[in-house]
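Residues per chain are reported as follows:
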Number of protein chains: 2
Amino acid sequence: MAFVNATADILSPRGHAAKRISILEAAIEVFFREGYSGANIDMIAAEAGVSRQTIYNHHGDKEKLFVSVVRALTERINAGIFATLATFPDDPVDLRGELVDFAVRLNSNCISNSDGKHLRKLIEAEGRRYPELFAAWREDGPGKTWAALAARLARLAHGGHLELDDPDVAARQFLALINAELHVSMVLGDRVDEQRVVSSATNAVTTFLRAYRKRPPGA
Amino acid sequence: MAFVNATADILSPRGHAAKRISILEAAIEVFFREGYSGANIDMIAAEAGVSRQTIYNHHGDKEKLFVSVVRALTERINAGIFATLATFPDDPVDLRGELVDFAVRLNSNCISNSDGKHLRKLIEAEGRRYPELFAAWREDGPGKTWAALAARLARLAHGGHLELDDPDVAARQFLALINAELHVSMVLGDRVDEQRVVSSATNAVTTFLRAYRKRPPGA
DNA sequence: AATTTTTTAGACAGAGTTGTCCAAAAGGTC
DNA sequence: GACCTTTTGGACAACTCTGTCTAAAAAATT
């Protein structure tokens, strides 16, 4: 029975579903490298170790495959971001050190890792061609993560560690500062080593705290 | 005489040279919209109001045309950035207000204008395919403009208006903060109205000055 | 082991693209 | 007006890509 079979595939990825995954991974890589127009199904088939027909069986056509790629990336990245946000310092002993550590985690696990690079490029390259798809990304991605980070910062302010006019603005600035020194390298695909991530995060947190750390009332 | 003719064309853009320019403008638009692979010569010819053969006469082939497009954009943008940098406050009466004005000018004239959007997308999409071309951009673009902005900030520090550890870091952070609230909109091609540019610049300068403004020694 | 599902390789038509060629037309120069 | 250069439109071969179709092989299920 085809139906029962398909259900089993979703639950335990072997055989049929294993191919689906390897097709998706290969498609991410090829769309990233070549862009939507430049990518062709044969490249993806070769990279996935699968015949062309199998791709059409699984995903219908090139455009549907592309949509699946974007959805898969968005889900994975969002999961990663929320997992990392859960490690945001709650009631810090060493505010500066803990913020730097958090910034480094956020950067290396979510923003400058391979999923992050892949999705960012697909959005920049094809966002205008698929408005509804990327509008969804925008709400689920930047929209939610900004709000979640703003809530965390607001809590620090409430706990007397920070002094914020507008947590949303502060959240966006925090993210912008974290990437200030890495942006160009990431766009051109240079290797971003851990050391530079740390130094960028350190500089970012230093500036952020100079602007937003609560100062003793008397001094 | 062909040679004399060509020279005249370069000096006064009419006839021959006028076509060259309209081809270049059309190519910018089409490469931006469709990407390198997705763009085709017939689209560019139609948009330029020119026959396909004329494009081949002027630019050789698709790849050479693309290189010309990137060079033209880079030159224009650099000229704009340096012109704007010349308006950086030298000995400010109202530091905050003048920095906000400068940030707004930099953003609307250089970063979020159409050349800026076009070049940014071409770099993101095709940078890895033309390493030497984009390495040149990187040195002429971010490299020089960062250094120039850093020098301006250092002068403000020397004049007693700011307190900087590292002018280079401060310059990159200043640029990052200016775009903190506009980045996503620009990537997806939304209309960025003047009001949001101003509000983003205001927030950026507020934070920047909280971190870097020289404080009276006693307080 | 028999049966059903999935995968494969290859061929294929249809469409699109690049870059060249050519003869006629248009434009500019002396 | 005669001459030279540039532009044009159209035709063209070579190539690439998508998506379909087939029959045979492989894999999974019962």
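Residues numbered from 1 in each chain as written. Chains lettered and ligands numbered in written order. Predicted model: local features only at pLDDT ≥ 70, side-chain atom pairs only at ≥ 80, totals over all residues. Heavy atoms only, no water.

1. Focus on the overall build of chain A
The criterion, for reference: Secondary structure elements are defined from DSSP: runs of H or I of at least 4 residues count as helices, runs of E of at least 2 residues count as strands, and each element is numbered from the N terminus. We call a residue buried when its accessible area falls under 20% of the maximum for its residue type, exposed when it is over 50%, and partly exposed in between, using a 1.4 Å probe and counting protein chains only. Any pair of residues with heavy atoms lying within 4.5 Å of one another is described as a contacting pair. Using a 1.4 Å probe, accessible areas were evaluated by the Shrake-Rupley method; residue-level cover was limited to the displayed protein chains.
A tally of regular secondary structure across chain A gives 11 helices and zero strands. Counted from the first residue to the last, chain A has its helices and strands arranged as α-α-α-α-α-α-α-α-α-α-α. Reported as C-alpha extents along the three principal axes, the dimensions of chain A are approximately 75 × 40 × 30 Å. Looking at chain A as a whole, 48% of its 219 residues qualify as buried. Within chain A, contacts between residues at least 6 apart in sequence are counted, and of these 66% link residues at least 24 apart. Carbon and sulfur atoms provide 54% of the accessible area of chain A, an area that totals close to 10,500 Å².

2. Points about the protein's contact with DNA strand D
Put simply, the rule reads: In this text, near means that some heavy atom of the residue lies within 4 Å of the molecule or strand in question. For the purposes of these results, a polar contact is taken to be a pair of N or O atoms within 3.5 Å, where, inside protein, one atom must be able to donate a hydrogen and its partner to accept one; residues adjacent in sequence count only when each atom of the pair is a side-chain atom. Under this grouping Gly is polar, as are all residues other than the nonpolar Ala, Val, Leu, Ile, Met, Phe, Trp, Tyr, Cys and Pro and the charged Asp, Glu, Lys and Arg.
Residues in contact with DNA strand D amount to 18 residues; listed here are only the nearest, A:N40, A:I41, A:Q53, B:S51 and B:T54. Of all atoms in DNA strand D that approach within 4 Å of the protein, 67% are sugar or phosphate atoms. In the environment of DNA strand D, a base nitrogen lies 2.5 Å from a nitrogen or oxygen atom belonging to the side chain of A:Q53. Interatomic distance of 3.4 Å between a side-chain N/O atom of B:H58 and a phosphate oxygen of DNA strand D. Among the secondary structure elements, those contributing two or more residues to the surface near DNA strand D are helix 4 (52–59) of chain A together with helix 2 (16–38) and helix 4 (52–59) of chain B. Per-element tally for the surface near DNA strand D: the top contributor is helix 4 of chain B, with five residues. A breakdown of the residues in the surface near DNA strand D according to their chemical character gives four nonpolar, nine polar and five charged.

3. Description of the interface of chain A and chain B
As a reminder of what qualifies: Buried area, as used here, totals the accessible surface that two parts lose on assembly, with accessibility defined by a 1.4 Å probe and the loss added over both. In what follows, salt bridge is the name for a side-chain nitrogen of Lys or Arg lying within 4 Å of a carboxyl oxygen of Asp or Glu.
Contact with chain A, which involves 43 residues of that partner, is made by 43 residues of chain B. Summed over both partners, the interface of chain A with chain B buries about 3,800 Å², with 54% contributed by carbon and sulfur atoms. Our enumeration of links across chain A and chain B arrives at six salt bridges. Linking A:R138 and B:D190 is a salt bridge whose minimum nitrogen-to-oxygen distance equals 2.7 Å.

4. A short note on the domain arrangement of chain A
Residues and elements named next belong to chain A. We count it as follows: The split of the chain into domains comes from an automatic or database domain assignment.
Its domain assignment divides chain A into domain 1 (1–60) and domain 2 (67–219). Across the boundary between the two partners, domain 1 contributes 11 residues, which contact 11 residues of domain 2. Surface buried jointly by domain 1 and domain 2 totals about 980 Å² across both partners, of which 68% is contributed by carbon and sulfur atoms. Considering only the side of domain 1, the residues that lose the most area to domain 2 are I28, F32 and Y36, jointly responsible for 59% of the buried surface there. At the junction of domain 1 with domain 2, the criterion picks out one salt bridge. In this structure, the connection of domain 1 to domain 2 is made through three residue pairs in polar contact (both at pLDDT 80 or more). The dominant element in the side of domain 1 that touches domain 2, judged by the number of residues it contributes, is helix 2 (residues 16–38), at 10 residues.

5. Focus: the protein's contact with DNA strand C
Taken together, 18 residues form the shell around DNA strand C, and within it A:S51, A:R52, A:T54, B:N40 and B:Q53 come nearest. A distance of 2.6 Å separates a phosphate oxygen of DNA strand C from a polar atom in the side chain of A:T54. The contact in question runs from a phosphate oxygen of DNA strand C to an N or O atom on the backbone of B:I41, over 3.3 Å. Mapped onto the surface near DNA strand C, the elements with two or more residues apiece are helix 2 and helix 4 of chain A together with helix 4 of chain B. Broken down by element, the surface near DNA strand C gets its largest block of residues, five residues, from helix 4 of chain A. The residue inventory of the surface near DNA strand C, partitioned by class, reads four nonpolar, nine polar and five charged.

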